[in-house]
Amino acid sequence: MVATLVRLRLRILGHALRRDTWRLVLLILGLLWGLSLLPGLAGAMLWLAREPAEFATEILVVAGSLVVAGWAVVPLLVPGMDDSLDISRFATAGQPARRLAPGLLVAGALTVPTLVTAGATAAPLLIWLRHGTAASLTAVAGAVLAVVTCLLAARIATGVSARVLASRRAREVGATVGVLLAVLAVPGVVALGSLGLEGALEKVPTVARVLGWTPLGAPFAAPLAAAEGSLGEALARLGVALAGIGAAFALWVHLLGRALRRPVSRGGAARRRADRIVRGLRRLPRRPGLLATLAVARRGARYWSADPRYLSALLGAVVTPALVVVLGSAISDTPGTVALGAGAFVGGTLGWGRHNDVAYDGSAFWLHVAARVPGWADRLGRTLATLVWALPVTLAAGVAGVALSGRWDVAPAALGAAVGLLLGGLGVSAVASATLPYPVPEAGANPFAAQIGGVGASLVAQVATSTATFLVCSPVLALAALTVWREPRLGGATLAVGVVGGVVALALGIVLGGRLYDERAPRLLARLT
Amino acid sequence: MDVPAVALRGLVKRFGRTVAVDHLDLDIPAGSFYGIVGPNGAGKTTTLSMATGLLVPDGGRALVHGVDVWAEPTVAAPLIGVLPDGLRLFDRLTGPELISYAGLLRRIAPDVVAARRDDLIAALDLHVAGSTLVADYSAGMTKKVALACALVHAPRVLVLDEPFEAVDPVSAAGIRAILQRFVDAGGTVVMSSHVMALVERTCTHVAVVGAGRVVAAGSLDEVRGGQDLESRFVGLLGGPAQTPELSWLRPSSG
C-alpha cells in the first residue's frame, strides 16, 4: 500500500509539472532555497560543536521544538497543502483508514519542506560524531523520530482545524481562538519586551529541561545522555518521542476515519428559521442596484460565519500579523515600534486578502451574471460584507499595538495607517477580483488545500495586488513612518490622509472595478467553471 | 410574423480546437414549450448558455423577444429565467434565502420578493427543507430551489437545462404543471433533455441537435414524421455503430 501511494503521488506530481511549467520553476526555486539553508545550518552546528555539549543540547532542544511547533502552525496560516492525496478521494477504495495512513504519510512527505526539515534535524549529527558511536546512533534515531513528529503535527493540525471550522459552532470557536491568541500574545510581547533578548536567552536552560522530556524536544536531548554514558536515559527520551508519535498517529488515523465516514463537505446541519436575506427590507430604494448591494453584503456576512474557507482566511489574516508582530518585537531592539505597526499589518492583510473574492463564489457566480447585477453594486456589496467586521478588528489591533508600545503620542498616525491600508487594500481588491481570479478550494472542500494548476496564476495575482496595495497606500505609509521616527506632530495629518485617501481609493476601486466587472462578468464566470 | 421568443443566428463556440457549437440557427416561437434533444456532447448546454447571457459566443447573435442578449444585456436579462445544469448554488443559504437572494439581485422590490418566495415554496413543495442549508439538500430538492430562483423575477422566457434530472416523479409532475400554466399564460419554455418520452409528453416543439448544429426542428409532429421521437432521433443521428460484445460480462461464466 505504501509503495502504491508513493507511486501515485509521483505520477500526479509528474502530470502536474508537465501541464504547468510554473510548478517546475517553483519546485526548483524551493529546492535551491532549501540548499541555500544548508551552509548556514552546518556553520551553526560546527560553532555549537565547539561549545560544551550541555549548552549545545539546550539550544538544539529549544530550536528543535520550535521547528516541530512550526510544522503544526504554519500550514494553518499559509493554506496550500497539497490535497492530491486527500483521504476522501479514497472513500470508494474500501480500505480502512489504518491501512491507508502509513502510505499517505510517506507519500505526503515528498515535499521540499520535508527535505529541508530532514536536513535540519540530521544536522546535529555534526556535533555528536565526535562524542562516540552511541551518541551518533541516538542522534540519527532522534532525527528520524523528529521528522515523523513534524509530519504528524502538520496533518493533525489541519485535520482538526478543518473539522472545527466546518462545525456549526465554528463562528464561536473562531472568535474564542482569536481572543485567546490576543490574550496570550499581549503578555508574551510584554514579557519579551521587559526581558529583552538577552533576558529571554537566560531562560533557555529551564525551558530546555522541560521540553527535553516532551515529544517535541526529547529527540534532540537524547544524544547528550548517550554521550554521557547513561544509555537508559537516552532510550527513555527516545521512548518519549516514540510514544508521542504513537499517540499522534492514533489520533490522525481517527481523524482520517472520520473524514472517510463523514466528509466535511456538508453544511453542518445548521438550521435557520428566519430569512436573513430579505429581512427588514420593504420598498424599492431610489437606486434599485442598492438592493443587489444589500443582498450581496448579507450573503457575504453569512459566508464569513458559515464557510470554512472564509473562516480560515479570517484566522490567517488576523493571526499571521499578530505572530509577525510578536516575533518582530522579540528580535527587534525596539519592540514598541514594531507593535505600532500591528493595526496597519492587520488592516492591510484583511483588505488585500479579498483580491480573489469572486473565485470563492465558484460557479455559483452564474446567479450574479444571469441577473446582470451592476458592477458597482456587486463590488460595493462585497466590500461592505468585509468592512463591517474588518474595520473594528483593524482599529482594535491598532489600539492594542499603540498600547503595547506605550507611544500614545503617535496613536493617530498608527490608526491612520491602519485604516488607510484596510480601505486601500479593499479598493485594490475591488478591481483585482474582477480581473485576476485564480482557483481556490470549492465550497465544502478542505479549506487548507491548494488547487492543482493554480500556482502560477495565484502567484501573479498576489504579487500584482500586493504591489498595487503598497503603491496606493504609500502616501499614508510614508507619513506614518515620518511621524513615528521624526515628527510626531504629523499624526493628525497622517490620520486625515489615511481616512480620506482610503475612502477615495476605495470609491475609485469600486467604480473602476465595477466597470471592469460589467465588461467581463461572463468571462469571469467562464474562468470559474 | 411574430417576433420569436428566442432567435439564434449563426452561433459559434470553440473550445481549443473542438467546435462545440457550429453556426447554429434556431427560432423558438413565443408561447411554445420547446424541447432540445441531442446526444452527449452535442452542444446543448453550450448553446443554452450563450442564449441566456452566461457564455460569450465566438460568433453569431442571440435574440430574446427581439433584444440582442449580448448587445443589450441589461434589457435582455429581465426577460430570461435560467436553470443551468452543473453549476453550483450559493449553498450556505437556506432555500428561502436563496430565492430571496435571486430576487434581490434582480432588483425586485423586497416585499414582492418575500411574497413570491412564499408562493414558490408552496408551489414547489419546499416546506420540508425550508430551514436547511441548500448544501444539505438532495439533488432533486436542489433542482427545485434552482427552478424557483429562475422564476422569481417573472421572466417571459424560461431556459431550463435538464430540469427533470434527479427529480422524483411526483415533483416532476408538479413542475410540469407549473411550466404548463406558464406556457398557457403566454410564456415560453425552452428545455434540454435526454429523455425522449418526457419531451414527447410535454413539448409542443422540438429541435434535434447533433455536433453543434440543428439537425431537425419544428413542431413535434413535423419532427417525428409519423415515427416515435426516439426512432426518429436515432434515425437522424445514426444508431450506435456495431456494439463490441463483452463476452466476459456473463455472471454465469464465473
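This one's a predicted model, so the numbers in the text were calculated from it and none came from an experiment. (Residues numbered from 1 in each chain as written. Chains lettered and ligands numbered in written order. Predicted model: local features only at pLDDT ≥ 70, side-chain atom pairs only at ≥ 80, totals over all residues. Heavy atoms only, no water.)

**Some remarks on the overall build of chain A**
Summing up its helical and strand segments, chain A has 21 helices and zero strands in all. When the 529 residues of chain A are sorted by exposure, 47% land in the buried category. Considering only residue pairs separated by 6 or more positions, chain A has 82% of its internal contacts joining residues 24 or more positions apart. Accessible surface, chain A: about 24600 Å² in total, of which carbon and sulfur atoms supply 69%. (Helix = DSSP H or I, 4+ residues; strand = E, 2+ residues; numbered from the N terminus. Buried < 20%, exposed > 50% of the residue type's maximum accessible area, 1.4 Å probe, protein only. Contact = heavy atoms within 4.5 Å. Areas by Shrake-Rupley, 256 points an atom, 1.4 Å probe, with all protein chains shown as cover.)

**Details of the sheet that holds strand 4 (residues 59–64) of chain B**
Residues and elements named next belong to chain B. Taken in spatial order, the four strands make up an open sheet running 2-1-4-5, and their pairing is antiparallel. What marks the edges here is a single partner per strand, and that holds for strand 2 (18–28) and strand 5 (67–68). Of the strand pairs in this sheet, strand 1 (residues 6–15) and strand 2 are connected by seven bridges, and their pairing is antiparallel. Looking at strand 2, one finds that Val6 is bridged to Ile28. Its contacts with the sheet place helix 1 (residues 44–51) against strand 1, strand 2 and strand 4, and it is angled at close to 120° to strand 1. (Pairing = 2+ DSSP bridges. Axes fitted to C-alpha atoms, helices over the stretch in contact; angles between N-to-C directions.)

**Quick notes on the side chain of A:Thr465**
Residue and element names in this part refer to chain A. Structurally, the position occupied by Thr465 is in helix 20 (residues 455–485). With a relative accessible area of 4%, Thr465 lands in the buried category. At 3.2 Å, the side chain of Thr465 and the backbone oxygen of Gln462 are in polar contact. If sequence neighbours within four positions are ignored, Thr465 has contacts with Trp352, His355, Val428 and Ala432. (Polar contact = N/O pair within 3.5 Å; in protein donor to acceptor, adjacent residues only side chain to side chain.)

**A word on helix 15 (residues 342–352) of chain A**
For helix 15 of chain A, a buried count of nine out of eleven residues is recorded, marking the element as mostly surrounded by other parts of the structure. The complete set of buried residues in helix 15 of chain A reads A:Ala342, A:Gly343, A:Ala344, A:Val346, A:Gly347, A:Gly348, A:Thr349, A:Leu350 and A:Gly351.

**Description of the nonpolar core**
Among the nonpolar cores identified, the biggest contains 126 residues, and B:Leu98, B:Tyr101 and B:Val190 are the most heavily contacted of them. In terms of residue count, helix 5 (residues 139–151) of chain B provides more of this core than any other element does, eight residues in total. What B:Val190 contacts, discounting residues up to four positions off in sequence, is B:Val6, B:Ile28, B:Tyr34, B:Ile36, B:Leu48, B:Val157, B:Leu158, B:Val159 and B:Leu160. Among the nonpolar cores identified, the runner-up in size contains 30 residues, and A:Val68, A:Leu145, A:Ala154 and A:Ala241 belong to it. (Core = buried A, V, L, I, M, F, W, Y, C linked by side-chain atoms within 4.5 Å.)

**Section: the packing of helix 18 (residues 375–405) of chain A against helix 21 (residues 491–528) of chain A**
Residue and element names in this part refer to chain A. At a minimum axis separation of 7 Å, helix 18 and helix 21 run at an interaxial angle of 135°. Between helix 18 and helix 21, the angle falls in the class oblique. Two packed elements cross with a definite hand, and for helix 18 against helix 21 that hand is right-handed. Two secondary-structure elements touch here, helix 18 through Gly375, Trp376, Asp378, Arg379, Leu380, Thr383 and Leu387 and helix 21 through Leu506, Ile510, Gly513, Gly514, Tyr517 and Asp518. Partitioning the contact of helix 18 with helix 21 into residue classes produces six nonpolar, four polar and three charged. (Parallel < 35°, antiparallel > 145°, perpendicular 65-115°, else oblique. Left-handed = near helix turned anticlockwise from the far one by under 90°. Nonpolar A, V, L, I, M, F, W, Y, C, P; charged D, E, K, R; others polar.)

**What about the side chain of B:Thr202?**
Residue and element names in this part refer to chain B. Counting through the fold element by element, Thr202 comes out in helix 7 (residues 196–202). Accessibility expressed as a relative area gives 8% for Thr202, which makes it buried. Looking at Thr202, its side chain comes within polar contact range of the main-chain oxygen of Leu198, at 2.5 Å. Dropping the residues within four chain positions of it, Thr202 is found in contact with Phe33, Arg176, Gln180 and Met191.

**Considering the confidence of the model for chain B**
Taken as a whole, chain B shows an average pLDDT of 90; of its residues, 96% reach a score of 70 or greater. For this predicted complex, the interface score ipTM comes out at 0.92, alongside a pTM of 0.78. (pLDDT = per-residue confidence, 0-100.)

**Some words on the sheet that holds strand 6 (residues 80–83) of chain B**
All names here are of chain B. Ordered in space as 6-7-8-3-9-10, the six strands form an open sheet in which the pairing is mixed. The two strands at the open ends of the sheet, each matched to only one other strand, are strand 6 and strand 10 (213–219). With direction set aside, neighbouring strand axes in the sheet form an average angle of 15°. Of the pairings in the sheet, the one linking strand 3 (residues 33–37) to strand 9 (residues 205–210) comprises four bridges and is parallel in character. Considered in strand 9, the bridge of Ile36 is made with Ala207.

**Quick word on the packing of aromatic side chains**
Under the defined criterion, the tally for this structure stands at nine aromatic pairs over all chains. Where A:Tyr303 meets B:Phe90, the ring centres are 6.2 Å apart and the plane angle is 85°; that geometry is what we call edge-to-face. You can see A:Tyr303 sitting in helix 12 (residues 289–306) and its partner B:Phe90 sitting in the loop between strand 6 and helix 3 (95–105), one on each of two chains. With respect to class, A:Tyr303 is no different from B:Phe90; both count as buried. Centre to centre, the rings of B:Phe90 and B:Tyr101 are 5.4 Å apart; their planes meet at 80°, and the pair counts as edge-to-face. Of this pair, B:Phe90 sits in the loop between strand 6 and helix 3 while B:Tyr101 is found in helix 3, placing the two residues eleven residues apart along the sequence. (Phe/Tyr/Trp six-rings, centres within 6.5 Å; stacked < 30°, edge-to-face > 60°.)

**Focus: the pairing of strand 3 of chain B**
Residue and element names in this part refer to chain B. With respect to burial, strand 3 is a largely interior element, five of its five residues being buried. Burial along strand 3 is two-sided: Phe33, Gly35 and Val37 and Tyr34 and Ile36, pointing in opposite directions, are all buried. Sheet topology places strand 3 next to strand 8 (residues 188–193); five bridges connect them, and they run parallel. Paired with Gly35 across the bridge in strand 8 is Met191.

**Some words on the pattern of salt bridges**
Across all of its chains, the model carries 20 salt bridges over all chains by this definition. Here A:Arg237 ties to A:Glu233 by a salt bridge, and the two come within 2.9 Å at their closest N and O atoms. On the criterion of helical spacing, the pair formed by A:Arg237 and A:Glu233 is a turn pair, its members being four residues apart in helix 11 (residues 231–261). Put simply, B:Arg224 and B:Asp221 hold a salt bridge, and the shortest N to O gap is 2.8 Å. (Salt bridge = Lys/Arg side-chain N within 4 Å of Asp/Glu carboxyl O.)

**Some remarks on unusual backbone geometry**
For B:His23, which is not glycine, the phi dihedral falls at a positive 50°. Of note, B:His23 is situated in strand 2.

**Observations regarding the interface of chain A and chain B**
On the chain B side, the residues contacting the 50 residues of chain A number 41 residues. Summing the contributions of chain A and of chain B, the shared interface buries around 4100 Å²; its carbon and sulfur component is 62%. Joining chain A to chain B, the criterion identifies two salt bridges. Taken together, chain A and chain B are joined by 15 residue pairs in polar contact (both at pLDDT 80 or more). Where the side of chain A that touches chain B is concerned, the elements lending two or more residues are helix 12, helix 17 (366–371) and helix 21 of chain A. The biggest single contributor to the side of chain A that touches chain B is helix 12 of chain A, with nine residues. Looking at side-chain class alone, the side of chain A that touches chain B contains 27 nonpolar, eight polar and 15 charged residues. (Buried area = accessible area lost by both parts, 1.4 Å probe.)

**Brief notes about the environment of A:Ala359**
Residue and element names in this part refer to chain A. Here Ala359 lies in helix 16 (residues 357–361). Classification of Ala359 by relative accessible area gives buried; the value is 7%. Sequence-wise, Ala359 and Thr529 are 170 residues apart; in three dimensions their C-alpha atoms are separated by 9.8 Å. Apart from the residues within four sequence positions on either side, Ala359 is in contact with Tyr438, Val440 and Leu528.

**Some details on the environment of A:Ser466**
Residue and element names in this part refer to chain A. Of note, Ser466 is situated in helix 20. Residue classification places Ser466 among the partly exposed residues on the basis of a relative accessible area of 36%. Ser466 sits 351 residues away from Leu115 along the chain, and the two C-alpha atoms are 30 Å apart.

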